[in-house]
Every structure is written in C-alpha cells, then in structure tokens.
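If you want the building blocks of each chain, they are given just below.
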Amino acid sequence: QVQLVESGGGLVQPGGSLRLSCAASGFALSYFTIGWFRQAPGKGREGVSCTSSSGDSTQLVDSVKGRFTVSRDNAKNTVYLQMNSLEPEDTAIYYCATDCVARYYRGSYNIYRGGTDYWGQGTQVTVSS
C-alpha cells in the first residue's frame with residue numbers, strides 16, 4: 001500500500017500562485033529524496049525539483065528557480081511545492097516521486113528519477129489568462 005497522492009492543482013492566471021501537496025502513505029517520506037516532475041500536453045516528463053530527505057536542501061531547474069520552493073512536513077508525511085509567479089509555460093500535470101537525482105551541468109541543475117520508482121497520479125496545473 002505504498003502511495004503518493006498529489007493535490008492542490010487548479011486554474012490560475014499568469015502571475016498567480018498555487019501550493020501543491022504530495023502526501024505519502026505506507027512509507028516515510030523522511031527517508032527519501034523527493035522530486036517534483038511535470039508533463040505538459042504532448043511533451044515528455046520534466047524534472048522540476050529534488051529535495052533532500054531532511055528537507056534542508058533543494059535543487060531547482062532554471063525555469064522555476066526563484067519562483068518555486070519546496071518544503072516538508074514530516075509529521076504529516078507530506079511535501080509541498082509552492083509555485084509563485086506562474087507562467088503559461090508552467091501548465092502541466094505535476095507529479096511527485098521518491099528518490100530523485102539532481103545533476104549539475106554548465107552552471108545549472110537537471111532533475112531526474114532515482115532508483116526507487118514511486119509515483120503519484122498527478123495534479124493538473126493550468127495557467128491561463
């Protein structure tokens with residue numbers, strides 16, 4: 001019964017904010033790095049962020065750096081993605097997953113899946129005027 005459930009998506013105008021939640025059951029998120037990924041229509045899945053098991057360190061891709069932040073609430077076994085200054089290009093289904101990897105290349109990070117392939121079902125974020 002290992003599960004990840006994303007919530008908090010919706011429709012927002014450009015410049016607005018949303019807070020996504022990733023709630024875990026059947027295991028403790030505190031033992032894993034947690035990644036946020038997104039998939040726009042007709043596009044592949046893109047890594048957005050990778051957060052340490054302690055929640056003290058997060059790597060973000062350049063397209064969201066300065067606008068998105070990640071936090072953990074271990075008591076609730078939940079990870080949050082705070083998205084500010086949203087842009088139409090942020091429109092996608094957002095997923096959380098365990099065991100992410102952040103790789104540094106030419107001054108920026110790229111986010112990938114790790115070896116433990118636990119995924120949620122995703123939550124839709126639509127940014128439109």
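See the structure printed just above.
Residues numbered from 1 in each chain as written. Predicted model: local features only at pLDDT ≥ 70, side-chain atom pairs only at ≥ 80, totals over all residues. Heavy atoms only, no water.

In this section: the sheet that holds strand β4 (residues 34-39). In space, the six strands of this open sheet follow the order β2-β12-β9-β4-β5-β6, with mixed pairing throughout. The sheet is open, and its two edges are formed by β2 (10-12) and β6 (58-60), each paired on a single side. On average, each strand axis in the sheet is tilted by 25° relative to the strand beside it, whichever way the strands run. The pairing of β4 with strand β5 (residues 45-51) spans six bridges and is classified as antiparallel. Each residue of the ladder has a partner; that of Ile34, found in β5, is Thr51. (Pairing = 2+ DSSP bridges. Helix = DSSP H or I, 4+ residues; strand = E, 2+ residues; numbered from the N terminus. Axes fitted to C-alpha atoms, helices over the stretch in contact; angles between N-to-C directions.)

Another point: the pairing of strand β1 (residues 3-7). Sheet faces and side chains relate simply in a regular strand, where the side chains alternate between the two faces. Burial of β1 is one-sided: the residues Leu4 and Glu6 facing one way are buried, the residues Gln3, Val5 and Ser7 facing the other way are not. Looking at chain direction, β1 and strand β3 (residues 18-25) are connected through five bridges and run antiparallel. Note on β3: the bridge partner recorded for Leu4 is Ala24. (Buried < 20%, exposed > 50% of the residue type's maximum accessible area, 1.4 Å probe, protein only.)

Taking strand neighbours across the sheet as the criterion, the four strands line up as β1-β3-β8-β7 in an open arrangement whose pairing is antiparallel. Only two strands of the sheet have a single neighbouring strand rather than two, namely β1 and β7 (68-73). Neighbour-to-neighbour, the strand axes of this sheet turn through a mean angle of 15°, independent of strand direction.

Secondary-structure assignment places Ser108 in strand β11 (residues 108-112). Taking relative accessible area as the criterion, Ser108 reaches 16% and is therefore assigned buried.

Attention shifts here to the state of the cysteines. Summed over all chains, the structure comprises two disulfides. Here Cys22 engages in a disulfide with Cys96; their sulfurs sit 2.0 Å apart. Taking the torsion about the sulfur-sulfur bond, which here is approximately 75°, the covalent link between Cys22 and Cys96 counts as right-handed. You can see Cys22 sitting in strand β3 and its partner Cys96 sitting in strand β9 (residues 92-98), a full 74 residues away along the chain. Across the disulfide, Cys50 is cross-linked to Cys100 (sulfur-sulfur distance 1.9 Å). Because the torsion about its S-S bond is 85°, the bridge between Cys50 and Cys100 counts as right-handed. Here Cys50 is found in strand β5, whereas its partner Cys100 is found in the loop between β9 and β10 (101-105), with 50 residues between them in sequence. Here the protein chain pairs its bonded cysteines, counted in sequence order, in the arrangement 1-3, 2-4. (Disulfide = S-S within 2.5 Å.)

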